[in-house]
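Listed below, chain by chain, are the residues.
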Amino acid sequence: MNIMTEKSLEDAVNAEMNRPNEPIKMRGDQVTVHYGDKQALFGVNLDVRQNQVTALIGPSGCGKSTFLRCLNRMNDTIDSARVGGKITLDSEDIYDPKIDVVELRARVGMVFQKPNPFPKSIYENVAYGPRIHGLAKNKAELDEIVEKSLQKAALWNEAKDRLNEPGTGLSGGQQQRLCIARAIAVAPEVILMDEPCSALDPIATAKVEELIDELRENYTIVIVTHSMQQAARVSQRTAMFHLGYLVEEGPTDKMFTNPDDKRTQDYITGRFG
Ligand SMILES: Nc1ncnc2c1ncn2[C@@H]1O[C@H](COP(=O)(O)OP(=O)(O)OP(=O)(O)O)[C@@H](O)[C@H]1O
Ligand SMILES: [Mg+2]
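Since we're looking at a predicted model, the values are computed, not measured.

A.B. asks: Before we go on, may I ask you to explain the site of ligand 1 in this structure?
C.D. replies: Lining the immediate environment of ligand 1, one finds 14 residues, of which Ser-60, Lys-64, Ser-65, Thr-66 and His-226 sit closest. A distance of 2.9 Å is found between an oxygen atom of ligand 1 and a side-chain nitrogen or oxygen belonging to Lys-38. Within the contact set of ligand 1, an oxygen atom lies 2.8 Å away from a backbone nitrogen or oxygen of Gly-61. Burial of ligand 1 by the protein chains amounts to 66% of its free accessible area of 640 Å². For the shell around ligand 1, the elements supplying multiple residues, two or more each, are β2 (38-49) and α2 (64-70). In terms of residues, the shell around ligand 1 owes the most to one element, α2, which gives 4 residues. The class makeup of the residues in the shell around ligand 1 is 4 nonpolar, 6 polar and 4 charged.

A.B. asks: Even after reading the chapter, I still don't get the environment of Asn-164, so can you show me in this structure?
C.D. replies: Inspection of the secondary structure assignment puts Asn-164 in the loop between α6 (156-159) and α7 (172-185). Under the relative-accessibility criterion, Asn-164 is labelled exposed at 70%. Counting along the chain gives 41 residues from Asn-164 to Tyr-123, while the straight-line C-alpha distance between them is 6.1 Å.

A.B. asks: Help me understand the sheet that holds β2, please; the structure alone is not making it clear to me.
C.D. replies: The strands making up a sheet are joined through hydrogen bonds of the backbone, oriented either antiparallel or parallel. As summarised here, the arrangement of the 4 strands in space is β2-β1-β4-β5, forming an open sheet in which the pairing is antiparallel. The sheet is open, and its two edges are formed by β2 and β5 (92-93), each paired on a single side. Across 8 bridges, strand β1 (residues 24-35) lies against β2 in antiparallel orientation. Within β2, the residue paired with Val-31 across the bridge is Val-44.

A.B. asks: Would you take a moment to explain the packing of aromatic side chains for this structure?
C.D. replies: Two numbers describe a pair of aromatic rings. These are the distance of the centres and the angle of the planes. Scanning all chains against the criterion turns up 3 aromatic pairs. Ring geometry for Phe-67 and Phe-241: centres 5.7 Å apart, planes at 40°, overall tilted. With Phe-67 in helix α2 and Phe-241 in strand β9 (residues 237-242), this residue pair connects regions lying 174 residues apart in the sequence. Between Phe-118 and Tyr-128 the ring centres are 5.3 Å apart and the planes differ by 70°, which places this aromatic pair in the edge-to-face class. Here Tyr-128 lies in helix α4 (residues 122-132) and Phe-118 lies in the loop between β6 (108-111) and α4, a separation of 10 residues in the sequence. Take Phe-118: its relative accessible area is 29%, and that puts it in the partly exposed class. Note on Tyr-128: relative accessible area 38%, which makes it partly exposed. It is Arg-182 that lies over the ring of Phe-118; its NZ or CZ is 4.3 Å from the centre.

A.B. asks: Even after reading the chapter, I still don't get the side chain of Lys-25, so can you show me in this structure?
C.D. replies: Inspection of the secondary structure puts Lys-25 in strand β1. What makes Lys-25 buried here is its relative accessible area of 7%. Once residues within four sequence positions are removed from consideration, Lys-25 is found in contact with Val-48, Arg-49, Gln-50, Thr-88, Leu-89, Asp-90, Glu-189, Val-190 and Thr-220.

A.B. asks: When you look at the pairing of β9 in this model, what are you seeing that I'm missing?
C.D. replies: On a regular strand, each side chain points to the face opposite its neighbour's, so the side chains alternate between the two faces of the sheet. Burial of β9 is extensive: 6 of the 6 residues sit out of reach of the surface. Burial of β9 is two-sided: the residues Arg-237, Ala-239 and Phe-241 facing one way and the residues Thr-238, Met-240 and His-242 facing the other way are all buried. Sheet topology places strand β3 (residues 53-57) next to β9; 4 bridges connect them, and they run parallel. Of the residues in β9, the one forming a bridge with Leu-56 is Ala-239.

Reading guide: rules and limits
Residues numbered from 1 in each chain as written. Chains lettered and ligands numbered in written order. Predicted model: local features only at pLDDT ≥ 70, side-chain atom pairs only at ≥ 80, totals over all residues. Heavy atoms only, no water. Near = heavy atom within 4 Å. Polar contact = N/O pair within 3.5 Å; in protein donor to acceptor, adjacent residues only side chain to side chain. Areas by Shrake-Rupley, 256 points an atom, 1.4 Å probe, with all protein chains shown as cover. Helix = DSSP H or I, 4+ residues; strand = E, 2+ residues; numbered from the N terminus. Nonpolar A, V, L, I, M, F, W, Y, C, P; charged D, E, K, R; others polar. Buried < 20%, exposed > 50% of the residue type's maximum accessible area, 1.4 Å probe, protein only. Pairing = 2+ DSSP bridges. Phe/Tyr/Trp six-rings, centres within 6.5 Å; stacked < 30°, edge-to-face > 60°. Lys NZ or Arg CZ within 6 Å of the ring centre and 35° of its normal. Contact = heavy atoms within 4.5 Å.

So this is what it looks like as structure tokens:
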């Protein structure tokens, strides 16, 4: 007999949603970061699983953005930053000297806290990346990439009649979706998002959150957020940082209902941070 109790059905659904068996897309192994003499990250081990949303949480200054920037070598752009340990993408060391950083950042794209469209048209914002990476053979192909990217970013309907208008003329929430379209346009495998909704109102936030959930099907996403509700809504796994250490990491529902570490408990219940 194969009768599923309500509880075991719920467990099965949860297990499916957490998809613990998804392959590891990126792995941080004993990651350290120094800014000059100051150490910002201490031996962080964290796996990012494919087609999942991993949320990074923790109080201000704990190293979330620093860790995120390690994943596509954006810390390379900060003179004082030194990264140690190992970070892999599909088991390949991304700090290996033979890695082309421009190509890496196309595979591991980034969306920032403040929407930052280029001072160009909506079309050009999305077309720029595919053009420099040679992803389109002709104008028709480029048009198609632009349209598809705007569609995936849930902006096409609002933007299709104003593609030649400046991206900066869109509302904040639309600009953030434009930046997501720009990230998607170069066919990344991983999208890093550093507090992507912090400059948005609740309606625009809801749209971007819905979008993140849809994007998970095709991409792997790592998101930094200060909103516990947002982490709970959009992520399958959550990693808690504190003072440069990874405190714990696990399925989001467990992290928010039954964390192992008291610091996580204190943070999610608003006792500090
Ligand atoms: N460019 C930098 N130069 C020097 N120190 C830095 C730099 N960026 C970050 N730090 C330091 O590294 C530590 C971690 O900072 P980080 O920005 O990663 O924290 P965070 O968790 O993202 O914080 P927040 O939630 O406020 O964005 C902090 O002590 C910060 O002051
Ligand atoms: Mg930050």
